[in-house]
Amino acid sequence: MNNSTLIQKADLALSDLTTNGGVLQPEESNTFMRKLIKSPTILPRVRAVSMAAPKRKINKIGFGQRILRKAVSATALSAGDRAKPTTEQIEVDTSEVIAEVRLPYDVLEDNIERARAAEGGSPNTGPGGLRTTLIELIGERAALDLEEFALDSDTTSGDDFLALQDGYLKRAANDGNVVDAEGATIDKTLFKKGKFAMPDEYLREVNSMAHFVSTDNHTEYVDTLADRGSALGDAAIQTRLNPNAYGASVVPVATISDSVGMFMNPKNLIFGIHRQISMEYDKDITARVYIIVLTARVGFQIEEPEAVVYYENIGDPTA
């Protein structure tokens, strides 16, 4: 098979990326979104919202205090005793993000000529096979980038990508319940303070909550448990399960810095992603590369900021 034929096959394999102007179809879009929220640590646990528009308002309604009263026969409640729900709206505002992938001709030529089923999988030479492969690979890497964006974005950041909007950590620090570790390394004392700082009404399902910390701080906490001369101490270093602290699991997150953390029900965090994900294709014949450009709109919000504890000034576990 000569190079000209290989290039034509590569063109044919990639040409379906331009179908419908490059916008992924609903099923492909849902598949891509599942890929985005599957790989990282926090995103699989948060409340993912598929948005049909770049902005979405979410209505909140509830009762913040007792609504039952003493009943008196044949007597209606007075106006002061009637219950009235509190209503509020929060807005998820998305920011556009973009990725550009360039694949040299020779890379695709080699793959199309020599593609074989690996580990029992299907080769990518069939119709749509290369498209599926690219969606999966781009989705895996974009997932890690989005988790960093979700946690660390800050409009005052010097990083253009992270400055697009405020992420979970910035919102929690501004509007949540702040617990200052005062430079102490992580141990059960910090988690105890975190539980005390959480309003009691949000602790009814503490087993659904988690303390999210850096991987080093997770290791440090496991080490404090391992110091115990007990079955719990042995299990802490011999199992892969996340340890608990006062009823909530302690979960390591690679993209959280050592100095901060959060305690909450992760479903309180909202990850909005606009369904019109675009994946467009072109080629540069002088550079001999294929070009794939992915664009999407994503946004982050905390539904109940008062139901989040933000840990700050945690001591360096590696010092």
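Residues numbered from 1 in each chain as written. Predicted model: local features only at pLDDT ≥ 70, side-chain atom pairs only at ≥ 80, totals over all residues. Heavy atoms only, no water.

Caption draft 1: Examining the overall build of the protein more closely. What the protein contains, in helices and strands, is eight helices and 13 strands. By the burial criterion, 39% of the 319 residues in the protein qualify as buried. Sequence separation of at least 24 residues holds for 78% of the intrachain contacts in the protein that already meet a minimum separation of 6. Summing over all exposed atoms, the protein offers an accessible surface of approximately 17,500 Å²; the carbon and sulfur share of this is 49%. (Helix = DSSP H or I, 4+ residues; strand = E, 2+ residues; numbered from the N terminus. Buried < 20%, exposed > 50% of the residue type's maximum accessible area, 1.4 Å probe, protein only. Contact = heavy atoms within 4.5 Å. Areas by Shrake-Rupley, 256 points an atom, 1.4 Å probe, with all protein chains shown as cover.)

Caption draft 2: Spatial organisation of the nonpolar core. Core analysis: the biggest nonpolar cluster contains 42 residues, and Y168, M262 and F271 have the highest contact counts within it. The next biggest cluster of nonpolar side chains, apart from the first, holds 19 residues, and it includes V179, M209, V213 and A245. (Core = buried A, V, L, I, M, F, W, Y, C linked by side-chain atoms within 4.5 Å.)

Caption draft 3: Structural view of the side chain of S153. If you trace the backbone, S153 turns up in the loop between helix 4 (129-152) and helix 5 (168-175). Accessibility expressed as a relative area gives 1% for S153, which makes it buried. In this structure the side chain of S153 is engaged in a polar contact, spanning 3.3 Å, whose partner is the backbone oxygen of Q165. Not counting residues within four places of it along the chain, the set of residues in contact with S153 comprises E148, L162, Q165, D166, G167 and K170. (Polar contact = N/O pair within 3.5 Å; in protein donor to acceptor, adjacent residues only side chain to side chain.)

Caption draft 4: Seen up close, the layout of surface pockets. The volume enclosed by the second largest pocket comes to roughly 270 Å³. I98, A99, A142, D145 and L294 are the residues nearest the centre of the second largest pocket, which is lined by 17 residues in total. Those elements that provide at least two residues to the lining of the second largest pocket are helix 2 (26-38), strand 4 (95-104), helix 4 and strand 12 (289-302). In terms of residue count, the dominant contributor to the lining of the second largest pocket is helix 4 (five residues). Classifying every residue of the lining of the second largest pocket gives 14 nonpolar, one polar and two charged. (1 Å grid on protein atoms, 1.4 Å probe; cavity = no way out; pocket = protein on both sides within 12 Å on 5 of 7 lines; lining within 4 Å. Points joined across faces, edges and corners; volume = space filled by probe spheres on them. Nonpolar A, V, L, I, M, F, W, Y, C, P; charged D, E, K, R; others polar.)

Caption draft 5: Structural detail: helix 6 (residues 188-197). If you check which residues of helix 6 are buried, you get L190, F191 and G194. On an axial view of helix 6, the arc spanned by its buried residues comes to 95°, and they lie on one face. You can read the cap of helix 6 off the contacts: a side-chain oxygen lies 3.0 Å from the backbone nitrogen of T189, and it is on D187. (Arc of directions from axis to C-beta.)

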